[in-house]
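Structure at a glance
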Protein chains: 2
Amino acid sequence: MTVKIGLLGFGTVASGVPFLLRENAEKIKQAAQDDIEIAKVLVRDEAEKSRLLAEGHVYNFVTDIDEIILDEEIAIVVELMGRIEPAKTFITRALQAKKHVVTANKDLLAVHGSELRTIAKENGVALYYEAAVAGGIPILRTLANSFASDKITRIMGVLNGTSNFMMTKMVDEGWTYEKALKTAQELGYAESDPTNDVEGIDAAYKAVILSQFAFGMTIDFEHVHHKGISGITPEDVAVAQELGYVIKLVGDIQETPSGISAEVSPTFLPKAHPLASVNGVMNAVFVESIGIGESMFYGPGAGQKPTAASVTADIIRIVRRLKDNTIGKDFNEFSRPLQLATAEDVRSDYYFSILTPDVQGKMLRLAEIFNAQAISFKQILQRPTDEKEARLVIVTHSMSKTQLEHVTKQLEESQEFQVSNIFKVLGD
Amino acid sequence: MTVKIGLLGFGTVASGVPFLLRENAEKIKQAAQDDIEIAKVLVRDEAEKSRLLAEGHVYNFVTDIDEIILDEEIAIVVELMGRIEPAKTFITRALQAKKHVVTANKDLLAVHGSELRTIAKENGVALYYEAAVAGGIPILRTLANSFASDKITRIMGVLNGTSNFMMTKMVDEGWTYEKALKTAQELGYAESDPTNDVEGIDAAYKAVILSQFAFGMTIDFEHVHHKGISGITPEDVAVAQELGYVIKLVGDIQETPSGISAEVSPTFLPKAHPLASVNGVMNAVFVESIGIGESMFYGPGAGQKPTAASVTADIIRIVRRLKDNTIGKDFNEFSRPLQLATAEDVRSDYYFSILTPDVQGKMLRLAEIFNAQAISFKQILQRPTDEKEARLVIVTHSMSKTQLEHVTKQLEESQEFQVSNIFKVLGD
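Chain A goes by Homoserine dehydrogenase in an unreviewed UniProt entry, where it is assigned to Streptococcus minor.

1. Observations concerning the overall build of chain A
On a plain count of helices and strands, chain A comes out with 15 helices and 17 strands. In terms of overall dimensions, chain A is globule-like: its C-alpha atoms have a radius of gyration of 24 Å, near the 22 Å expected for 428 residues. With the C-alpha coordinates of chain A rotated into their principal frame, the extents come out at 80 × 45 × 35 Å. For chain A, the exposed area adds up to about 16600 Å²; of that, 48% sits on carbon and sulfur atoms. Considering chain A, the positive charge centre built from 43 side chains and the negative charge centre built from 58 side chains are found 4 Å apart.

2. A word on the interface of chain B and chain A
Accessible area lost upon the coming together of the parts serves often as the stated size of an interface. Residue-level contacts link 52 residues of chain B with 52 residues of chain A. Summed over both partners, the interface of chain B with chain A comes to about 4300 Å²; 55% of that surface belongs to carbon and sulfur atoms. Linking chain B with chain A are four salt bridges. Here B:R320 ties to A:E333 by a salt bridge, and the two come within 2.6 Å at their closest N and O atoms. At the boundary of chain B with chain A, the tally comes to 20 residue pairs in polar contact (both at pLDDT 80 or more). Mapped onto the side of chain B that touches chain A, the elements with two or more residues apiece are α1 (12-23), α2 (25-32), α7 (139-145), β12 (294-300) and α13 (304-324) of chain B. The greatest single-element share of the side of chain B that touches chain A, amounting to ten residues, is contributed by α13(B). Residue composition of the side of chain B that touches chain A, by class: 22 nonpolar, 15 polar and 15 charged. Sheet analysis places strand β12 (residues 294-300) of chain A next to β12(B), joined by three bridges and oriented antiparallel. What sits directly across from A:F297, in β12(B), is B:F297.

3. A short note on helix α13 (residues 304-324) of chain A
Residue and element names in this part refer to chain A. For α13, which comprises 21 residues, the first-to-last C-alpha distance of 30 Å matches the rise-based estimate of 30 Å (1.5 Å per residue) to within 8%. Counting buried positions along α13 gives 16 out of 21 residues, so the element sits mostly inside the fold. The positive-phi residue at the C-terminal boundary of α13 is N325, with phi of around 60°.

4. A word on the sheet that holds strand β3 (residues 61-62) of chain B
Residues and elements named next belong to chain B. Pairing is parallel across the open sheet formed by six strands, whose spatial order is β3-β2-β1-β4-β5-β6. In the strand order of this sheet, the two ends are held by β3 and β6 (127-128), each with one partner. As paired strands, strand β1 (residues 2-8) and strand β2 (residues 35-42) are joined by seven bridges and run parallel to one another. Note that in β2 the partner of I5 across the bridge is I38.

5. As for the side chain of A:R320
Mapped onto the elements, A:R320 comes out in helix α13. Since its relative accessible area comes to 6%, A:R320 is described here as buried. Not counting chain neighbours up to four residues away, the residues in contact with A:R320 comprise A:Q30, A:A31, A:A32, A:Q33, B:K329 and B:E333.

6. Notes on the UniProt feature "binding site: L-homoserine" (unreviewed entry) in chain A
Mapped onto this numbering, the UniProt entry annotates "binding site: L-homoserine" (unreviewed entry) at A:E191. Along the polypeptide, A:E191 turns up in the loop between α9 (177-186) and α10 (195-198).

7. What about the relation of the copies chain B and chain A?
Aligned on chain A, chain B shows an RMSD of 0.0 Å; the corresponding rotation is 180° and the shift along the axis is 0.0 Å. Here the symmetry operator amounts to a two-fold rotation axis. In terms of proximity to the rotation axis, the leading residue of chain B is B:F297, whose C-alpha is 2.4 Å off the axis. Residue by residue, 100% of the interface of chain B is reproduced at the interface of chain A, so both copies engage with the same surface.

8. Side note on the pairing of strand β11 (residues 282-289) of chain B
Residues and elements named next belong to chain B. With seven of eight residues buried, β11 is to be regarded as a mostly interior element. Summarising the sheet, strand β7 (residues 152-158) and β11 pair through six bridges and their orientation is antiparallel. Bridge pairing in β11 links M156 to F286. Bridging between β11 and β12 involves seven bridges; their strand directions are antiparallel. Bridge pairing in β12 links A284 to Y298. Linking β11 to β12, which pair antiparallel, is a turn of four residues; within it G293 sits at a positive phi near 95°.

9. Comments concerning the packing of helix α6 (residues 106-122) of chain B against helix α11 (residues 201-215) of chain B
The description of two helices packed together rests on the angle between their axes and the distance between the axes. Residues and elements named next belong to chain B. Where α6 meets α11, the closest approach of the two axes is 7 Å, and the angle between their N-to-C directions is 35°. Contact residues: K106, D107, L109, A110, V111 and R117 in α6; D202, Y205, K206, V208, I209 and Q212 in α11. Looking at the contact of α6 with α11, its residues break down into six nonpolar, one polar and five charged.

10. Let's talk about the nonpolar core
Grouped together as the largest cluster of nonpolar side chains are 270 residues, with contacts concentrated most on A:I155, A:I315, B:I155 and B:I315. With residues near it in sequence (within four places) discarded, A:I155 still touches A:L143, A:L210, A:A214, A:F215, A:G251, A:D252, A:I253, A:V285, A:F286 and A:V287.

11. Thoughts on the domain arrangement of chain A
Examined at the domain level, chain A breaks down into domain 1 (2-135 + 304-324), domain 2 (139-300) and domain 3 (347-425). For domain 1 of chain A versus domain 3 of chain A, the distance between C-alpha centres works out to 52 Å.

12. Thoughts on helix α9 (residues 177-186) of chain B
Residue and element names in this part refer to chain B. Y177, A180, L181, T183 and A184 are the residues of α9 that are buried. Projection of α9 onto a plane perpendicular to its axis shows the buried side chains occupying an angular sector of 165°, all on one side. The outward face of α9, more than 90 degrees from its buried face, is lined by the exposed residues E178, K182 and E186. Taken together, the buried residues of α9 touch α8 (161-172) and α10 (195-198).

13. A closer look at the packing of aromatic side chains
All names here are of chain B. For the coordinates displayed, the defined rule picks out 33 aromatic pairs over all chains. Seen in terms of ring centroids, F10 and Y59 are 5.5 Å apart; in terms of plane orientation they differ by 55°. Their pairing is tilted. Of this pair, F10 sits in the loop between β1 and α1 while Y59 sits in the loop between α3 (46-54) and β3, and the two are 49 residues apart along the sequence. Judged by relative accessible area, F10 falls into the buried class, the value being 10%. Judged by its relative accessible area of 22%, Y59 is partly exposed. Taken together, a centroid distance of 6.0 Å and an interplanar angle of 85° make the contact between Y129 and F213 edge-to-face. Here Y129 is found in the loop between β6 and α7, whereas its partner F213 is found in helix α11, with 84 residues between them in sequence. The class for Y129 is buried, based on a relative accessible area of 1%.

Here is what the cut-offs are and how they apply
Think of each chain on its own: its residues are numbered from 1, step by step along the sequence as written. Working convention: letters from A go to chains and numbers from 1 go to ligands, in the order in which they are written. Reporting in this predicted model follows two pLDDT cut-offs: at least 70 for local features of residues, and 80 or more for side-chain atom pairs to be given and counted; totals over whole chains, interfaces and linings ignore these cut-offs and use all residues. Hydrogens are left out, water is left out, and the side-chain values use all remaining heavy atoms of the structure. Every helix listed is a DSSP run of H or I at least four residues long, and every strand listed is a run of E at least two residues long, numbered separately from the N terminus. Atoms considered for the radius of gyration are the C-alpha atoms alone. The globule rule reads 2.2 Å times the number of residues to the power 0.38. Method for areas: the Shrake-Rupley scheme with a 1.4 Å probe, in which residue coverage is limited to the protein chains shown. Two residue types count as positive, namely Lys and Arg, and two as negative, namely Asp and Glu; His and chain ends fall outside the count. Note on charges: their place is set at NZ of Lys, CZ of Arg, CG of Asp or CD of Glu. Contacts are assigned to residue pairs with any non-hydrogen atoms lying within 4.5 Å of each other. Joining two parts hides part of their accessible area as seen by a 1.4 Å probe, and the buried area is that hidden amount summed over both. By definition here, a salt bridge exists when the distance from a side-chain nitrogen of Lys or Arg to a carboxyl oxygen of Asp or Glu is within 4 Å. Pairing of N or O atoms within 3.5 Å defines a polar contact, subject to two protein rules: one partner must be a possible hydrogen donor and the other a possible acceptor, and residues neighboring in sequence count only if both atoms are side-chain atoms. Under this grouping Gly is polar, as are all residues other than the nonpolar Ala, Val, Leu, Ile, Met, Phe, Trp, Tyr, Cys and Pro and the charged Asp, Glu, Lys and Arg. When DSSP locates at least two bridges between a pair of strands, those strands are taken to pair. Helix span, expected: 1.5 Å multiplied by one less than the number of residues in the helix. Only protein chains enter the calculation, and the probe is 1.4 Å; a residue is then buried if its accessible area is under 20% of its type maximum, exposed if over 50%, and partly exposed in between. UniProt positions are given in the numbering used here, feature names are shortened, and annotations may be inferred rather than shown by experiment. What sets the superposition is a least-squares fit of C-alpha atoms, and only residues with pLDDT of at least 70 in both copies go into it. Axis definition: a line fitted to C-alpha atoms, limited for helices to the stretch in contact. Angles are taken between N-to-C directions and run from 0 to 180 degrees. Side-chain atoms within 4.5 Å link the members of a nonpolar core, which is a set of buried Ala, Val, Leu, Ile, Met, Phe, Trp, Tyr and Cys residues. In this document the domain limits rely on a domain assignment from an automatic tool or a database. Directions pointing from the helix axis toward each C-beta atom define the arc. Aromatic pairing here means that ring centres of Phe, Tyr or Trp (its six-membered ring) are within 6.5 Å. Orientation follows from the plane angle: under 30 degrees is stacked, over 60 is edge-to-face, and everything else is tilted.

So this is what it looks like as structure tokens:
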């Protein structure tokens, strides 16, 4: 039998799918046990269609979504257009027409995932999205299958290739944020408006999806606290290195006694931590669990072929399940009611970079502020910045978000201290 | 419904399985959709049974395998005894009695895997062994499922925790092989006879299993060339570091135009390579493929809970497949006829450490030997060892196994040169 696919969009990633279907035909046939055919490809308009045909692409290009939705021979719709609309409408219509859907659209899944999964369930069809988190890394299926036996306590990830490329340059080459961004844009890693990548929004979308697979909880995007890399200075990077750390933008989801917390923030990672060596545009997901202990899954977070590999693995899974008559199960079956952690339960070490006039007694008064919140210091460093100012760097022992709020407020209210930066520090 | 399990052996790993079934009951129930009960546990003799009962273990301990094989209520047999016999006989009998089998026994699978898989197939039952390679890392299921879309070209792994612990100490602390071995034995990482771990035999077993999942080819253990770490000197370690490498024992399976080659050998890894940061008893599998490109899967290679997590994931999979009525498929369905690579097609850079009398013209004559085989140098280093000898270190550009054999023979036949060590070097 041949299973027919309708492809929505024919950008970079989409053209990687036929590459794999062709170059890996023998193995894919063994896994899927049926042939897979790209029957129709939806493109934006007649102009794009003409251009693609002129370029030598031999697909059956269509410009009307109905040509795919109403085609009863098409069993699987693969959405690779990105953004919320019209992807959401097209996917909804495909699911309602009892077509299985594969998508790599993390924005859509992070914001409207629950709604789409419900529609898929009601219609007894599959909705798979392995490529939505960490592109080429097969993390979602691994969490769903191999971690079924294991209880995950924390999941941390370098989830955005653009910001990780920038941080790698800032750490290894001492580049400023501005230079790193400019280079990332020149290389095509960053868009002209880089907000989603550098402010941790893209990584927060992925954290939403990871929290479902790792903790069985559907956290709202709004509940993922996110802070980006734009405020990181060369001084922060240099001090981190001096103290034995590497700064990276890390997504961090953990389960505490009161519930789960999820955040994306620049984090000081000890140099020996496996995530600290994840460089350039590569991504990695680090898992802590009661069974395996510590494990890490590393690979490219984006790109044509890596993303196409994940999309094609989803397609193969659907084709095989159609053959085995086991289609329609949730991609992730682990589900518990959402419980968010209280601020008291979310604990971490923190780095404070504080500017202060270089006068006698400043360290005493700073120590008083931290001491009043029962926060103790792990590392202290003082540097003169010019003739009149000093930079005080403090790495604390573990403190709660509540303590962090209090001490930050105290520092901000003081006349004497100016908070330059506060970052999370991963303890040893 | 409750699915009943017969456990063969109650050593360290075996007791990790009930730990996970208990501590992760809610999630496991969602994934398996039926209850799982350890109905009987086979122990060696009455003495062991009495000891375990006295220790407070409340299982139904039996000493006769027939109590499990002939018990029609037991659906799954979990073998955690290790070694070839009686494990092989027990597993064979369990499969023939239409019981599904989960095992972590890599020695058995590497040597008798084909035979056991055939028996499982004939009886329509499952034979799963995720824990057999890299303990806690879910690499086999990931290769079988997520890499179905992707064509793997090379797979490299740090596959033996004992030897990696030793190499980490030899590299980071400058320890001799002897000191590293003694410490590994004191810590319980190495057995009193460490041959399997330090000579690459254990890693070669794992390479056999990996080659089936990654390349669809069942290579014989005898065809996995293996060389251990016992010959590595502190000089080799120091020179490696000076040249920008870390030495590790690496299993390496690759597909060449003529077929696949598999070997386990001490390998110079560039410091920035992801495998180079895999330290201590941790394992990792690094995959090169046409779709994803480069990916790595990192975690503990052994230990009670990690191994139990993989074993329990296999159990859950079987219980769920019984529920879904899809049981009996091969763990790995990718299969092609075995083709072994010719020596001409297996290429690598190599490190040569050569001792020679410190006399004029030696470098010229050495260069002549390599030049006669059309091998060119990438890096050269000369060190005096004492008043009369010099150590010449050469890192070559890519050469074939045929060239390697010829040049080694020439060096061994010369009066002048004494080959101290030859190791593989992973190119950048």
